[in-house]
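The chain contents come next:
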Amino acid sequence: MSEQTQKPVDELSEKEASRELAILAMEIANHDALYHGDDAPLISDAEYDALRRRNNEIEARFPALVRSDSPSKKVGASVKQSKFEKVSHVRPMLSLDNAFNDDDVHEFVARVKRFLNLGEADDVLLTAEPKIDGLSLALRYEKGELVLAATRGDGQIGENVTQNARTIDNVPHKLAGTNIPEVVEIRGEVYIGKTDFLALNARQEEAGGKVFANPRNAAAGSLRQLDLSITASRPLKFFAYAWGDISDLPSDSQMGMVELFDSWGLAVNPLMKRVNGSTNAVAHYREIEANRAALDYDIDGVVYKVDRLDWQSRLGMVARAPRWAIAHKFPAEKATTVVNKIDIQVGRTGALTPVAKLEPVTVGGVVVSNATLHNADEIERLGVRVGDTVVIQRAGDVIPQVVSVMTDRRPDNSTPFEFPVECPVCGSAAAAEGDDVVVRCTGGLICAAQRVERLSHFVSRNAFDIDGLGEKQITQLFSRDWVHAPADIFKLAVRNVKDENPMQKWDGWGDLSVSNLMQAIEARRSIDFHRVLFGLGIPSIGQETAKILARHFKNIDGFVTFLEHSLSIIEQTDQKMDAQDISSLNYVLMRLGHLKEFQAIIQPRDLFDSGEGLLELVHARVQRIESGVLKGDNLKVSHLQRVADFAKTPEKASIVPSLFALYEHNQELASIDGIGVDVILNLEDFYFEPQNRAALMDLLSELQVIEAAEQASDSPVSGKTVVFTGSLVELTRAEAKAGAEALGAKVAGSVSKKTDIVVAGPGAGSKLKKAQELNVKTMTEDEWIAFIASK
Ligand code: IVH
């Protein structure tokens, strides 16, 4: 519910106030549970705070209406408090890729077959079972005894909830039966059944306790309780469906393993079935979907897993999900409601995101009052206006979306939404750049919204993970002029001691919370390199990319040296052009370097001799794309046109050598798998901005950055750059690449001086030749297989 669209508090009748307080209590409880549970919150901290503020204002005016479950009675809920001991998972707890339709499922099986080099007609047995909408839990049994229970956390590190798990009725404290491995970590889902959930909420309501928005939140909130008697009083249940650390595998199939779990006394899902191929898998999905309403627990899809465990291990995983499993999701739940207002939020990269403020409505058990409208194009595509009745949908934990507008219900006086041309926070011009659909505030670091968002990102869970610092606290520190840049966070303790109005005296703080905060900050002075990279909040550098970059550069010095080099190349041209021109031309160059069909006719190197020939080539190309003879989207046309324009002016042509030097320098990163052009360009944009450099240096002077660990350092190929070329016989290309990466090698697509090994199969051509010219070690596929097995 948005505060802006509501009646002012002093105009509310008692009845309206009471109704609104009830909704607020439920809504805030829901966000609390999301915040404290495994999943990302649906709303920003600022929105969350606005909800609480509204609640407090109404209560101040109607003290008699204060509810027993009022959010105002639960203090500090938005401060993250980790109360459980951290546990490192021996094997990461993975998530699953999603399939949203039948084709995605067929494609999944086709991919598996390609990866394993199977024929199209070959059978692939799969298991198909409900995807339980709860939270995952790992139960470690040693000699059959339950010794540890841990939540998923971020997949690497979870929380020790052993005592809590012991209170769950169907979690055995001791496994019984045969074939139990010495060590086995059973993984599965903790959930609360639908009937139990309703009864629990009724009890909570009666006792004036917290009312949960849905069974998943109730399960999450119940498991992670410091007071064990509370967990014990909640109707939690567990389904086992996977395993982690295990001393030996007592079966060779997924189904066999789950059958063993069953025989050891663990609860397994009765709807799990072994099917042959994707068509049968989808048939089982339909059956489960038809039964969904009758099940006494919430499910949000069907999970398929490759049944053969030897195949699972060959398939391995990519990013954070296994290649051998996929979740076929049920369609999103929908509802209709009215758009009261369209707000513009400014994100950390300055992106202006329109958000529809909705009349609160329940979708799949959750009260929704905001839906993202993404960008100006989306507003235009939907044709949505303030006052419109819209269909919204909510799938899983993703932010609710507006699906369509019911124009027949549009009020007469409505007008189209005008997207702002100024940043609503700092007033700077807001515009979309180049081919981007996103309108951004051009205020950069002068924009308070961007700074606060960047700082909030900096302290967030996957970045610096500073307990006790969220958007709310950052906003407070920022508006009091205490924190402007990341380094200021590490100077807080000193500043606080010196100030005559220390934080202890501020709203929302006390001796304990300030001392906890300072400790949490100190604990992060020593920090992993990839967290620093991610924390900088550079667009397109997410967690995975940050890890790849950290592994590549090893330490922060390597990173800074690389960008200093980029900068020095650019600075040589500085006299002739401004930075914006250079970055825009570099953008074109890098983009073109990645366009396959462009490479077929011109190499970026050709820009060196940007004579008539090149211009003609480019013009001809543009024409052919425009006339539809060649495939190519507007993006490509506009790139090509920029090249044409570029080559026209002699002044620009004169900086080509520097640009090309930059291009070559960037190939060091461009050849890394998983690093796209955007990453490189955004790194440059970040580093070429003097304020950012200064902020980074200032930060680094406060930190000890821990070097990226060498992956699988005992492997003979760890840290080596490998290129596969020609046809491989034993391994599929994907398998070879995944295998090399799992051993810590980097797999590149082209041969350069930096290549360590070229694995050449029959038919290898230019890459093999180049390797020989450059004296790079070459191997056959068999030699490679022997080599990686050699240690
Ligand atoms: S298998 C290696 N099976 O879904 C694969 N996950 O979106 C590990 N989930 O984190 C997961 N039911 O919490 C698997 N039958 C099922 C599941 C299931 C629910 C959850 C699990 C996982 C999440 C991934």
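Residues numbered from 1 in each chain as written. Predicted model: local features only at pLDDT ≥ 70, side-chain atom pairs only at ≥ 80, totals over all residues. Heavy atoms only, no water.

Regarding the packing of aromatic side chains
Moving on, step 1. The tally for this structure, following the rule as stated, stands at 14 aromatic pairs.
Moving on, step 2. Seen from their ring centres, Trp-482 and Trp-506 are 4.7 Å apart, and the 75° between their planes marks the pair as edge-to-face. Of this pair, Trp-482 sits in the loop between helix H13 (471–479) and helix H14 (486–489) while Trp-506 sits in the loop between helix H15 (492–498) and helix H16 (511–523); the two residues are 24 residues apart in sequence, bridging distant segments of the chain. There is no split in this pair, since Trp-482 and Trp-506 are both buried.
Moving on, step 3. An aromatic cluster of at least three residues, connected via ring pairs, comprises Phe-529, Phe-553, Phe-559 and Phe-562. (Phe/Tyr/Trp six-rings, centres within 6.5 Å; stacked < 30°, edge-to-face > 60°. Helix = DSSP H or I, 4+ residues; strand = E, 2+ residues; numbered from the N terminus. Buried < 20%, exposed > 50% of the residue type's maximum accessible area, 1.4 Å probe, protein only.)

Considering the sheet that holds strand E13 (residues 325–329)
Moving on, step 1. Here we have five strands laid out as an open sheet, ordered E2-E13-E10-E3-E9, and mixed in their pairing. Edge positions in the sheet fall to strand E2 (98–99) and strand E9 (273–276), since each of these pairs with one other strand and no more.
Moving on, step 2. Across four bridges, strand E3 (residues 125–132) lies against E9 in antiparallel orientation. Pairing of Leu-126 across the sheet is with Val-275, part of E9.
Moving on, step 3. Contacting E2, E3, strand E10 (299–306) and E13, helix H3 (residues 102–116) crosses the sheet at an angle of about 175° to E13.
Moving on, step 4. Lying on the sheet, helix H9 (residues 277–291) is in contact with E3, E9, E10 and E13; it crosses E9 at an angle near 140°. (Pairing = 2+ DSSP bridges. Contact = heavy atoms within 4.5 Å. Axes fitted to C-alpha atoms, helices over the stretch in contact; angles between N-to-C directions.)

Observations regarding the state of the cysteines
Moving on, step 1. Under the criterion given, the structure shown has zero disulfides.
Moving on, step 2. Cysteine Cys-423 shares no disulfide, and the gap to the nearest cysteine sulfur, in Cys-441, comes to 3.7 Å.
Moving on, step 3. Exposure remark for Cys-423: the relative accessible area of 4% places this residue in the buried category.
Moving on, step 4. There is no disulfide at Cys-441, and the cysteine sulfur nearest it, in Cys-426, is 3.6 Å away.
Moving on, step 5. Judged by relative accessible area, Cys-441 falls into the buried class, the value being 6%. (Disulfide = S-S within 2.5 Å.)

Spatial relationships are all this shows, so hold off on functional conclusions.
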